[in-house]
Amino acid sequence: MADHDSRERFLALAEATVGAYAYIAGLLEDLPIPVIVPDLVQVMDEDGDPGEVLLALHRVRAVIEDEPISLRLQRAFEHMLLDWFTAYEMLSLTKLAGPAPWRLDTVEFALNRLTTWAEVINDDEEPDDSQS
């Protein structure tokens, strides 16, 4: 029973991680200088190398510093990307070593932090009343 629950949790977290990647890709496209990253689902569906997706996302960490956005937003993007990497890497480790509860907890915690960073980014993009 516990194995089934771990498997279900793993699958749900994997789906959430893929969804988070798509969300990040959308945020990156909306930057003042749009940044386009490979489509993770398409790469996986075509039996491509997920390494190219990881390297592209890693390059974004350097490129984000050239964006005409505040330092606060640059750091929020960087932290959000690092949290996505944490979730992805822990899911990869879980596939190899098994679904230890702390591995899945780490994925969930990283995704929660990622969501917080996304909220910081979205809140910063909304004009306040003084700018209307």
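Residues numbered from 1 in each chain as written. Predicted model: local features only at pLDDT ≥ 70, side-chain atom pairs only at ≥ 80, totals over all residues. Heavy atoms only, no water.

Looking at where Ala76 falls in the secondary structure, it is placed in helix H4 (residues 71-97). According to the relative accessible area criterion, Ala76 is buried, its value standing at 0%. Separated by 29 residues in the primary sequence, Ala76 and Asp105 place their C-alpha atoms 22 Å from one another. Once you skip the residues sitting within four places of it in the chain, Ala76 turns out to touch Trp117, Val120 and Ile121. (Helix = DSSP H or I, 4+ residues; strand = E, 2+ residues; numbered from the N terminus. Buried < 20%, exposed > 50% of the residue type's maximum accessible area, 1.4 Å probe, protein only. Contact = heavy atoms within 4.5 Å.)

Another aspect to go through is the environment of Trp102. With respect to the secondary-structure elements, Trp102 resides in helix H5 (residues 101-125). Its relative accessible area of 56% is what places Trp102 among the exposed residues.

The next point concerns the pattern of salt bridges. All chains considered together, the criterion is met by 7 salt bridges. With a closest N to O distance of 2.7 Å, Asp105 and Arg9 form a salt bridge. Of this pair, Asp105 sits in helix H5 while Arg9 sits in helix H1 (residues 2-29); the two residues are 96 residues apart in sequence, bridging distant segments of the chain. The class of Asp105 is partly exposed, set by a relative accessible area of 40%. Residues participating in the shared-partner salt-bridge network are Arg61, Glu65, Arg75 and Glu78. (Salt bridge = Lys/Arg side-chain N within 4 Å of Asp/Glu carboxyl O.)

A word on the side chain of Gln74. Within the secondary structure layout, Gln74 lies in helix H4. Judged by relative accessible area, Gln74 falls into the buried class, the value being 8%. Those residues within four positions of Gln74 in sequence are excluded, and the remaining contacts are Ile64, Glu65, Glu67 and Ile69.

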